[in-house]
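Here are the chains, one letter per residue:
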Amino acid sequence: MTDSRSEDELAGVPTREEIERHPMDELLRTERLPHIWCPGCGLGTALSCFTSALMRSGLDLDKVSIVSGIGCTGRVAGYLRLDGFHTTHGRAIPFATGLKLANGDLKVVVFSGDGDLIAIGGNHFIHAARRNMDLTVICVNNFNYGMTGGQVGPTTPTGARTSTSPKGNLEHPFNVPNLAAAAGATYVARWTVLHARRLEKSMYKALLRPGFSVVEVISPCPTLYGRFNRREYGTDMIEYYHQKAVIRHDVHPWEVDIGLGGEIICGEFVDIERPTFQDRLEEKFGELRPSDDLGLLHRPPVELEAHGEGILAQTVLPLSPKEKEKPVRPRALVSQARCLAEREGGGGAPLEILLCGFGGQGIILSGKITGAGAALHDEREVTLTQSYGPESRGGACSTALIISDEPILYPHVTCPSVIVSMSQESYTTYQAQLAEGGLLLIDADLVEPDPAAGQHVIPIPATRIAEQDLGRRIVANIVMLGALTALTEVVSEGAMRKAILDRVPKGTEELNMKAFQMGYDYGQGLLSEEASA
Ligand code: SF4
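Right, let's walk through the structure included here. Note that this is a predicted model, so its numbers are computed, not measured.

### So, the site of the ligand
Inspection of the region around the ligand gives Trp37, Cys38, Cys41, Cys72, Asn142, Gly146, Cys221, Pro222, Thr223 and Leu224 as its neighbouring residues. Looking at the shell around the ligand residue by residue, the class counts come to seven nonpolar, three polar and no charged.

### What about the sheet that holds strand 12 (residues 381–388)?
Read from one edge to the other, the open sheet built from six strands follows the order 12-13-11-14-15-16, with strand pairing classed as mixed. Each having just a single partner strand, strand 12 and strand 16 (457–460) make up the two edges of the open sheet. Going across the sheet, the axis of each strand differs from the next one's by a mean of 15°, ignoring polarity. Of the pairings in the sheet, the one linking strand 12 to strand 13 (residues 396–404) comprises eight bridges and is antiparallel in character. Opposite valine 382, over in strand 13, you have isoleucine 403 as the bridge partner. Sheet strands touched by helix 15 (residues 363–377): strand 11 (351–358), strand 12 and strand 13. Its angle to strand 13, the strand with the most contacts, is close to 10°.

### A word on the environment of proline 449
Looking at the element boundaries, proline 449 is found in the loop between strand 15 (439–443) and strand 16. When the C-alpha positions of proline 449 and proline 459 are compared, they lie 9.2 Å apart, and in sequence the two are 10 residues distant.

### Notes on the packing of aromatic side chains
The full count for this structure, using the stated rule, is six aromatic pairs. Relative to tyrosine 79, the ring of tryptophan 37 has its centre 5.2 Å away and its plane inclined at 90°; by these criteria the two rings are edge-to-face. With a gap of 42 residues between them, tryptophan 37 in the loop between helix 2 (16–20) and helix 3 (43–57) and tyrosine 79 in helix 4 (residues 76–79) connect regions that are remote in the sequence. The same class applies to tryptophan 37 and to tyrosine 79, which are both buried. Relative to phenylalanine 111, the ring of phenylalanine 50 lies with its centre 5.4 Å away and its plane at 85°, an arrangement referred to as edge-to-face. Taken together, the residues phenylalanine 50 in helix 3 and phenylalanine 111 in strand 3 (residues 107–113) connect sequence positions 61 residues apart. Judged by relative accessible area, which is 0%, phenylalanine 50 ranks as buried. Judged by its relative accessible area of 0%, phenylalanine 111 falls in the buried class. The side chain of arginine 56 reaches across the aromatic face of tyrosine 204, ending 4.0 Å from its centre.

### Some thoughts on a negative patch on the surface
Taken together, the side chains of Glu7, Asp8, Glu9, Glu17 and Glu18 present a region of like negative charge at the surface. Considering the arrangement of structural elements, one finds aspartate 8 in helix 1 (residues 7–10).

### Overview of the nonpolar core
Ranked by internal contacts, the top residues of the largest apolar core, which has 47 residues, are Phe50, Ile66, Met203 and Val217. Ranked by residue count, the leading element in this core is helix 3, at seven residues. Not counting the four nearest positions on each side in its chain, valine 217 is found in contact with Ala46, Ile138, Cys139, Val140, Asn141, Trp191, Val193, Leu199 and Met203. In terms of nonpolar packing, the next biggest core, distinct from the first, is built from 44 residues, Leu355, Val420, Ala483 and Leu526 among them.

### Overview of the pairing of strand 8 (residues 213–218)
Among the six residues of strand 8, six are classified as buried, and the element is accordingly described as predominantly covered. Looking at chain direction, strand 4 (residues 136–141) and strand 8 are connected through six bridges and run parallel. Within strand 8, the residue paired with valine 137 across the bridge is valine 214. Where strand 7 (residues 187–192) meets strand 8, six bridges bridge the pair, whose relative direction is parallel. Directly across from tryptophan 191, in strand 8, lies its bridge partner valine 217. For the crossover that starts at strand 7, traverses helix 9 (residues 196–208) and ends in the parallel strand 8, the hand is right-handed.

### Comments concerning helix 3
Taking 1.5 Å of rise per residue, the 15 residues of helix 3 would be expected to cover 21 Å, and the 21 Å separating its terminal C-alpha atoms lies within 8% of that figure. Within the sequence span of helix 3, burial applies to Leu43, Ala46, Leu47, Cys49, Phe50, Thr51, Ala53, Leu54 and Ser57. A positive phi of about 75° marks glycine 58, the residue just after helix 3.

### A closer look at the side chain of glutamine 361
For glutamine 361, the location among the structural elements is in the loop between strand 11 and helix 15. Within polar-contact distance, the side chain of glutamine 361 engages the backbone nitrogen of phenylalanine 358 at 2.8 Å. Among the polar contacts listed, one links the side chain of glutamine 361 to the backbone oxygen of methionine 422, at a separation of 2.9 Å. Discounting chain neighbours no more than four positions away, the residues touching glutamine 361 are Met422, Ser423, Leu446 and Asn477.

### Remarks on the pattern of salt bridges
What the rule picks out here adds up to 12 salt bridges. Arginine 380 is the salt-bridge partner of aspartate 405, the closest N and O atoms lying 2.8 Å from each other. Residue aspartate 405 is located in the loop between strand 13 and strand 14 (418–421), and its partner arginine 380 is located in the loop between helix 15 and strand 12; the two are separated by 25 residues in the primary sequence. It is possible to trace a salt-bridge network through shared partners that takes in Lys205, Arg209, Glu268 and Asp271.

### Quick look at the environment of glycine 367
Here glycine 367 lies in helix 15. By relative accessible area, glycine 367 is classed as buried at 0%. Separated by 110 residues in sequence, glycine 367 and asparagine 477 have C-alpha atoms that sit 10.0 Å apart. If near-sequence neighbours (up to four positions away) are discounted, glycine 367 is found in contact with Leu355, Leu384, Thr399 and Leu401.

### Examining the sheet that holds strand 4
Strands sit in the order 2-1-3-4-8-7-10-9 across an open sheet of eight strands; the sheet is mixed. Edge strands, defined here as strands with exactly one partner in the open sheet, are strand 2 (83–86) and strand 9 (245–247). Here the strands of the sheet are splayed against their neighbours by 20° on average, with no regard to which way each runs. Helix 3 rests against strand 1 (64–68), strand 3, strand 4 and strand 8 of the sheet, and its axis sits at about 170° to strand 3.

### Remarks on the side chain of arginine 190
Within the element layout of this structure, arginine 190 appears in strand 7. Of the polar contacts made by the side chain of arginine 190, one reaches the backbone oxygen of isoleucine 265; its length is 2.9 Å. In contact with arginine 190, not counting residues within four places along its chain, are Asn175, Pro177, Glu216, Ile218, Val256, Ile258, Ile264, Ile265, Cys266, Gly267 and Phe269.

Rules of the game
- Residue indices follow the written sequence of each chain, beginning from 1 at its first position.
- Totals for whole chains, interfaces and linings use all residues, but because this is a predicted model, local features are given only for residues with pLDDT of at least 70 and pairs of side-chain atoms are given and counted only at 80 or more.
- Each side-chain value is worked out from all heavy atoms of the structure, with water and hydrogens disregarded.
- Each residue is tested against the molecule or strand, and it is near if at least one of its non-hydrogen atoms lies within 4 Å.
- Under this grouping Gly is polar, as are all residues other than the nonpolar Ala, Val, Leu, Ile, Met, Phe, Trp, Tyr, Cys and Pro and the charged Asp, Glu, Lys and Arg.
- Between any two strands, at least two bridges found by DSSP are needed for them to pair.
- Per the convention used, a helix needs a DSSP run of H or I reaching at least four residues, while a strand needs a run of E reaching at least two, with both numbered from the N terminus.
- Between N-to-C directions, angles span 0 to 180 degrees; the directions come from axes that are lines fitted to C-alpha atoms, helices contributing only their stretch in contact.
- By definition in these notes, contact holds between two residues if any of their heavy atoms fall within 4.5 Å.
- Two rings belonging to Phe, Tyr or Trp (six-membered ring only in the last case) form a pair when the distance between their centres is within 6.5 Å. Interplanar angles under 30 degrees mark stacking, angles over 60 mark edge-to-face geometry, and anything in between is tilted.
- The buried label applies to any residue whose accessible area, calculated with a 1.4 Å probe on protein chains only, is under 20% of its type's maximum; exposed applies above 50%, and partly exposed to all values in between.
- Only Lys NZ and Arg CZ are tested; either one counts as a charge over a ring when it is within 6 Å of the ring centre and within 35 degrees of the ring normal.
- Patch membership requires more than 30% relative accessible area and the absence of a salt bridge. Residues of like charge join within 9 Å; the nonpolar side chains Val, Leu, Ile, Met, Phe, Trp and Tyr join within 5 Å.
- Only the protein chains shown count as covering a residue, and every accessible area follows the Shrake-Rupley method with a 1.4 Å probe.
- Any carboxyl oxygen of Asp or Glu within 4 Å of a side-chain nitrogen of Lys or Arg constitutes a salt bridge here.
- Counting rule applied: Lys, Arg positive; Asp, Glu negative; His and chain ends not counted.
- For the purpose of locating charges, the reference atoms are NZ of Lys, CZ of Arg, CG of Asp and CD of Glu.
- For this analysis, a nonpolar core means a set of buried residues of the types Ala, Val, Leu, Ile, Met, Phe, Trp, Tyr and Cys, connected via side-chain atoms within 4.5 Å.
- With the strands aimed away from the viewer, a crossover counts as right-handed if its path from the first strand over the helix to the second runs clockwise.
- The length a helix should cover is 1.5 Å for every residue beyond the first.
- Here a polar contact is recorded for every N or O atom pair within 3.5 Å, except that within protein the pair must consist of a potential hydrogen donor and a potential acceptor, and residues adjacent in sequence are included only if both atoms are side-chain atoms.

This is how it looks when you write it as structure tokens:
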């Protein structure tokens, strides 16, 4: 009998798949990648140190839970292949406390940002430290609220500029190690992401020791904090850490304030033992846990399937080249939509438009461009309202416009005649609001329409065009605006072009004009196809 293995296999040469596999793949939900973090962000390094520490710790991964709050760091819970909980803003610690009390066998880790843990969650942080809850807290400190647009936060150094402190922060920041130590934490360390090995070691120690342990990770946010403070690249910030970070294990935590341009003192500042809350609980009640007493452990299991992946569900569907539904009479649909608007508007012809998707797709910018095009260049009446979650990246968002030739008395969009949807979540949320006979444009690769909804849907491969033809996914919104303009003429082509040029970042005008043109051509193509059918 012959051996069916190839020569390479017999020689022990690793396969391509084996070569490409990342050592931490086992711990990552690779199906959720690529992640949403910006180039140069320190969160990848912080996560990598954590996965390494966790693997090294030997903890049973089936008994490790990860809890995050809101913010860029909050995404960690969704990327780790652990039992993970992406909770509400500032509530990661109380959620984790509940988990630990219900099941003392779990190792519960809170992985969140400075804004989430120290501002809205600040009270929970100090009280969990005071109780010495058996939790490991990884607090990534990037000195601002990154996800929501770079606002001043509780750790922003005095004098630092942010989107809400353009003249410099007037307040004194929290010193996280000192706060944790003063409140009763039993292990407190601080490292920058430049100190990857030391950071990993502290995370490892924090994971294995009982009690409230806190590891503060100083991490670059070049996109916002860095940009406002003249360090707009991740490497600039790493260079800054290289110049300013000093290691001093022996100092009192009150000496480790971070001032603008000053030293960043790193080290292990607290490493003590004292009874945890669970120790006291057992001392008082023996093996009995409060949840046993209340019968909570004996409730029937919750039907998790009913909620799908719940709050961890991703909004982005994988790109697929599959054939999309043919467009259905776009011009006719638009005129139908406009007739409807005119009828409902009593002759003033206000047209309601809703643009929706997820944070980071430029939905709000698209609304501003459309509104500016109509108001400033076509000289029409316009109202614009916006809606978005606490995250400016990854969460659901929408922008709603009313465009009319008459004064608009009520700015709220209630029954849009045109909806443009660039994510599945936004489609699910808003499609039912579409006026009867209205026009629904979707991103062909990110939205799977519901045939049962009975709406005429026009798929536009905006993200595909942006990625494959322009090499920049970020301009998918402008491609979509091109298609919207061609199909609806709700704003004139020239007005849209001027509005785009006024609003896109300097240096990107040519790219955005190309994106608009490609979307416009695609829309025109649909109309010609329709005319010749
Ligand atoms: Fe990182 Fe800042 Fe980008 Fe958030 S906004 S992913 S913290 S660089």
